[in-house]
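Close look at the chain arrangement
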Number of protein chains: 2
Amino acid sequence: MKLNEQQQKFVHTWGTLGTNWGINKTMAQLHALLMISEKPMSTEQMMDTLQISRGNTNMNVRALVEWGLASKEMISGDRKDFYSAKKDIWVVARQIAKQRRKRELEPVIAALVELKGGTEVNRENEELLNRVNDIEDFALKVDKMLEKFEKSDENWFYKVLLKLV
Amino acid sequence: MKLNEQQQKFVHTWGTLGTNWGINKTMAQLHALLMISEKPMSTEQMMDTLQISRGNTNMNVRALVEWGLASKEMISGDRKDFYSAKKDIWVVARQIAKQRRKRELEPVIAALVELKGGTEVNRENEELLNRVNDIEDFALKVDKMLEKFEKSDENWFYKVLLKLV
DNA sequence: TTGTACTTTCAATATTTATCGAAAATTAAA
DNA sequence: TTTAATTTTCGATAAATATTGAAAGTACAA
């Protein structure tokens, strides 16, 4: 697939954004590419278009599948695997929220709970316990919110926004 | 400042968390340390406690100040600079939201707007324009939400949560 | 089976990011 | 001023992360 100038810019921009969000460039660029491609793409096509290696393509496209942002497709009459992306940004946002909750929030909550369990309540640990309690409380709230978001739709989000603003 | 076992664990945990959130380990550990310290700390004390170099300490403590997560304090009779952290987790969360909005969201919105501006509306770019519009729309909504969050307090957040869940 | 098209793995390499430590710059007391 | 204490900068180095490319693995048609 040969990209025109605007399409290249988009892929590039999305790649940079990914970097800022802790997603690696290749993964984000593959995602961008699949989002603007009308047909599912093969590994070869993706390698060609983005000028990256086979291994890199394979690893990152599978990461996308694991994140629920792309899916493997079979095209009859062809032995290759093809991939396409979820194009609905709300679905994408929810999948990302899900991953981040799992990877960034849950471990902290677990760690804080464990920390509290082993901490003696005395003058020396007072400040520590205050901090841990506050953070845990906050983390649990954010966790709940994300959980809700994961299960909701665009319409819900829009309503919430109206209430807030 | 000599940390007891629990305090060390806390600093360590917060450091790991920071890493997952794209904040470097030292910055997060310094923040944790200042959060559980009852008194403001000097560069020396922080270096000692965390076993890190002067340069590293200086750079990261200044990053904390820049993020609004710590502040410089003068202690009369001492020439050194001392630092202390915001201890209210709500304040901390809001400051982080502010930074992330500025660094991760605003550049995307700008890039998308620019991209749209230079894109010819034709069959070839149809998919691209759809994606860009959707993403822009979503990004603007999130941006609004974060903006609101930045200006609100714990109580507001709690109310919102009640409505949602 | 065997050969072929395709996918996956992984050690080597490159790139990016964080950290150190010593020199330079700044600040404030003498 | 001069001097000493302290902070900041920055090139060198280390650590972490991403990417390559070739070899190994898999699946499927003949």
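Thresholds applied
- Residues numbered from 1 in each chain as written.
- Chains lettered and ligands numbered in written order.
- Predicted model: local features only at pLDDT ≥ 70, side-chain atom pairs only at ≥ 80, totals over all residues.
- Heavy atoms only, no water.
- Least-squares fit on C-alpha atoms with pLDDT ≥ 70 in both.
- Contact = heavy atoms within 4.5 Å.
- Core = buried A, V, L, I, M, F, W, Y, C linked by side-chain atoms within 4.5 Å.
- Buried < 20%, exposed > 50% of the residue type's maximum accessible area, 1.4 Å probe, protein only.
- Near = heavy atom within 4 Å.
- Polar contact = N/O pair within 3.5 Å; in protein donor to acceptor, adjacent residues only side chain to side chain.
- Helix = DSSP H or I, 4+ residues; strand = E, 2+ residues; numbered from the N terminus.
- Nonpolar A, V, L, I, M, F, W, Y, C, P; charged D, E, K, R; others polar.
- Domains from an automatic or database assignment.
- Buried area = accessible area lost by both parts, 1.4 Å probe.
- Expected span 1.5 Å × (residues − 1).
- Arc of directions from axis to C-beta.

With that settled, consider the relation of the copies chain A and chain B. Copy one and copy two of the chain differ by a rotation about a common axis and a shift along it. Least-squares fitting of chain A to chain B yields an RMSD of 0.1 Å, with the superposition described by an axial translation of 0.0 Å and a rotation of 180°. Both chain copies can therefore be described as sitting about a two-fold axis. Taking the C-alpha atom as reference, chain A places Gly22(A) closest to the rotation axis, 3.2 Å from it. Here 100% of the interface residues in chain A have copies in chain B that are interface residues too; the copies meet face to matching face.

Judged by nonpolar contacts, the single largest core of 90 residues is most densely connected at Phe10(A), Leu34(A), Met46(A), Phe10(B), Leu34(B) and Met46(B). Residues in contact with Leu34(B), not counting those within four places in the same chain, are Met41(B), Met46(B), Leu64(B), Ala70(B), Tyr83(B), Ser84(B), Ala85(B) and Lys87(B).

What follows covers the protein's contact with DNA strand C. Around DNA strand C there are 15 residues in total, and Asn58(A), Arg62(A), Asp81(A), Thr26(B) and Ser53(B) lie nearest to it. Counting only atoms of DNA strand C within 4 Å of the protein, the sugar-phosphate share comes to 69%. Interatomic distance of 2.5 Å between a side-chain N/O atom of Arg62(A) and a phosphate oxygen of DNA strand C. In the environment of DNA strand C, a base oxygen lies 3.2 Å from a nitrogen or oxygen atom belonging to the side chain of Arg79(A). Looking at the surface near DNA strand C, the elements with two or more residues in it are α4 (54–66) of chain A together with α4 (54–66) of chain B. In terms of residue count, α4(A) provides more of the surface near DNA strand C than any other element does, 4 residues in total. In the surface near DNA strand C, the residues fall into 1 nonpolar, 8 polar and 6 charged.

Moving on to the environment of His31(A). All names here are of chain A. Note on placement: His 31 falls in helix α2 (residues 25–36). Separated by 55 residues in sequence, His 31 and Lys 86 have C-alpha atoms that sit 9.0 Å apart. Not counting the four nearest positions on each side in its chain, His 31 is found in contact with Trp 14, Leu 64, Leu 69, Ala 85, Lys 86 and Val 92.

Residue and element names in this part refer to chain A. Assigned domains of chain A: these are domain 1 (5–85) and domain 2 (89–164). Between domain 1 and domain 2, the C-alpha centre-to-centre distance is 30 Å. Tallying the contact residues gives 6 residues for domain 1 and 6 residues for domain 2. Between domain 1 and domain 2, a total of about 690 Å² is buried, with carbon and sulfur atoms accounting for 65% of that surface.

Here we take up α4(A). Residues and elements named next belong to chain A. For α4, with 13 residues, the first-to-last C-alpha span of 18 Å sits near the 18 Å given by 1.5 Å per residue. The set of residues buried in α4 consists of Thr 57, Asn 60, Val 61, Ala 63 and Leu 64. Seen along its axis, α4 keeps its buried residues to an arc of 150°; they face one direction. Away from its buried face by more than 90 degrees, α4 exposes Met 59 and Glu 66. For α4, the elements touching its buried residues are α2, α3 (43–50), β2 (70–74) and β3 (81–85). At the exit of α4 stands Gly 68, carrying a positive phi of roughly 80°.

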